[in-house]
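Working through the structure, step by step
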Amino acid sequence: MDENEFDFYRTQSVASDPGGTDVFAGLPADPGVLAETVRSLLVHREETHLFGYELPRDRKDAEAETRYAADILAVARGLCDAPLDRPRRPEERFAGTCRDFALLLCSALREKGVPARVRGGYATYFTPGFHDDHWITEYWDADRASWRLVDAQMAAPELISAHGIDFDPFDVPRDRFVVAGRAWQDCRSGAADPRTYGVELLGLRGWWFVQHNLLLDLAMLNSTELLVWDGWGLADPPMDQPFDALGADDVALLDAVAELSAAGGPFTGIRRLPREHEALRVPPVVSSHTTYLGERSVTLRQAVASD
């Protein structure tokens, strides 16, 4: 990476800003320790039963709608006002989704000066034969001089056992987490069936879902960390829209996005493409297709910068 890329990915975004430079001050810069800390602060709202806890309906409905790292931390502190590295009972953890684990770890890494970003794609380790929508953290490993994937959500014995995890969640293999661009390319080439990509739990799958995640991953690569049910323009296709409903120009543009997403760069292309194509830029207001609270329009705290 060049210095511009380093600086960009170790700088907090509007969403990843933890709300103060002292939030993670007492923690070491070790990515594994930070991932374990995030794991102890959060629980996935659909997995509380694995920890022997039934999440109240009001928390399940609303908590994962929390967009910003500072607000997630505020909720977590309201549930347990203790040092961040203190183990918490399941009921004392913020109840979110995979995106929240990824965002909070990204926030902690950036605060320690480690380049980090949220990545969207699909896990092959939840449902046999299916690619489940999933979001994890990618950080720059200076020792390897390469990007490394971490799934903080999986960093617990309960999750490793429940999902039969046979790899190190602090170093997720690229064939176990398929980034959104690679998924698009595999479906385009016929190597994969788009009907095997989506949210198996909710019965959401198909080309429209692959397209949606592709655009969200580009936004994440540009440090605009949205909720995973947000949409706009090309990132908000009608459910069950077939591939052949896309025009040739849109297909060419999506193919270009997929090339950047699959490779994780180059950085110049990641930054340039949304500037050149309005359909790829995140607008100030997005449509949020929430899982439990219906659809709504959401004004983001800050419009995406133009450069």
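So, here's what we can say about the structure. (Residues numbered from 1 in each chain as written. Predicted model: local features only at pLDDT ≥ 70, side-chain atom pairs only at ≥ 80, totals over all residues. Heavy atoms only, no water.)

1. What to know about the packing of aromatic side chains
The description of an aromatic ring pair rests on the distance of the ring centres and on the angle between the ring planes. Defined as follows: Centres within 6.5 Å are what make two rings of Phe, Tyr or Trp a pair, Trp counting through its six-membered ring; a difference in plane orientation under 30 degrees is then read as stacked, over 60 as edge-to-face, and the rest as tilted. What counts as a helix is a DSSP run of H or I of at least four residues, what counts as a strand is a run of E of at least two, and both are numbered from the N terminus. Under the scheme applied here, a residue whose accessible area is under 20% of the maximum for its type counts as buried, over 50% as exposed, and between as partly exposed, the area being computed with a 1.4 Å probe on protein chains only.
Taken as a whole, this structure holds 14 aromatic pairs when the rule is applied. Geometrically, the ring pair formed by phenylalanine 8 and phenylalanine 267 is tilted, given 5.2 Å between the ring centres and 55° between the ring planes. Placement of phenylalanine 8 in helix H1 (residues 3–9) and of phenylalanine 267 in helix H10 (residues 267–276) is noted, with a sequence separation of 259 residues between them. Ring centres of tryptophan 184 and phenylalanine 243 lie 6.0 Å apart, and the angle between their planes is 55°; on these two criteria the pair is classed as tilted. With tryptophan 184 in helix H7 (residues 180–189) and phenylalanine 243 in the loop between strand E9 (230–231) and helix H9 (248–263), this pair connects stretches of sequence that are 59 residues apart. Assessed through its relative accessible area of 23%, phenylalanine 243 is described here as partly exposed.

2. What to know about the packing of H9 against H10
Test applied: In this analysis, axes come from line fits to C-alpha atoms, helices being fitted only over the stretch in contact, and the angle between any two N-to-C directions falls in the range 0 to 180 degrees. Roughly parallel means an angle under 35 degrees; roughly antiparallel means over 145; roughly perpendicular covers 65 to 115; every other angle is labelled oblique. Handedness of a crossing is defined here by the sense of rotation of the near helix relative to the far one, left-handed for an anticlockwise turn of less than a right angle and right-handed for a clockwise turn. Should any heavy atoms of two residues lie within 4.5 Å, those residues are considered in contact. For this classification, the nonpolar set comprises Ala, Val, Leu, Ile, Met, Phe, Trp, Tyr, Cys and Pro, the charged set comprises Asp, Glu, Lys and Arg, and every other residue, Gly included, is treated as polar.
Remark: H9 packs on H10, axes separated minimally by 10 Å, with the N-to-C direction vectors making an angle of 150°. Between H9 and H10, the angle is such that the two are roughly antiparallel. With respect to the hand of their crossing, H9 and H10 are arranged in left-handed fashion. Every residue of H10 that contacts H9 at Leu253, Ala256, Val257 and Leu260 is listed here: Gly269, Ile270 and Leu273. Tallied by class, the residues present in the contact of H9 with H10 amount to six nonpolar, one polar and no charged.

3. Overview of H10
Within H10 the residues assigned to the buried category are Phe267, Gly269, Ile270, Arg271, Leu273 and Pro274. Close packing links the buried residues of H10 with H1, strand E3 (116–123), helix H8 (207–221) and H9.

4. Overview of the environment of threonine 124
Looking at where threonine 124 falls in the secondary structure, it is placed in the loop between E3 and strand E4 (131–141). For the pair threonine 124 and phenylalanine 177, spaced 53 residues apart in sequence, the C-alpha to C-alpha distance is 6.3 Å. In contact with threonine 124, not counting residues within four places along its chain, are Phe130, His131, Asp175, Arg176 and Val178.

5. A few points about the packing of helix H4 (residues 69–79) against helix H5 (residues 98–111)
Where H4 contacts H5, the axes come no closer than 10 Å and their chain directions differ by 105°. Relative to H5, the element H4 lies roughly perpendicular. Packed against H4, whose contacting residues are Ala69, Ile72 and Leu73, the element H5 presents Arg99, Asp100, Leu103, Leu104 and Ser107 at the interface. When grouped by side-chain class, the residues that make up the contact of H4 with H5 number five nonpolar, one polar and two charged.

6. Remarks on the sheet that holds strand E11 (residues 295–299)
Note the threshold: For two strands to be treated as a pair, DSSP must find at least two bridges joining them.
Overall, antiparallel pairing links the three strands, which are arranged E9-E10-E11 in an open sheet. In this open sheet, the two edge strands, each paired with only one partner strand, are E9 and E11. As paired strands, strand E10 (residues 285–289) and E11 are joined by five bridges and run antiparallel to one another. Paired with histidine 289 across the strands is glutamate 295, a residue of E11.

7. Points about unusual backbone geometry
Residue proline 266 follows glycine 265 across a cis peptide bond; omega there is 10°. With respect to the helices, strands and loops of the structure, proline 266 is situated in the loop between H9 and H10. Phi at serine 223 is positive, roughly 60°, even though this residue is not glycine. Relative to the helices and strands, serine 223 is located in the loop between H8 and E9. Residue class for serine 223 comes out buried when judged on its relative accessible area of 13%.

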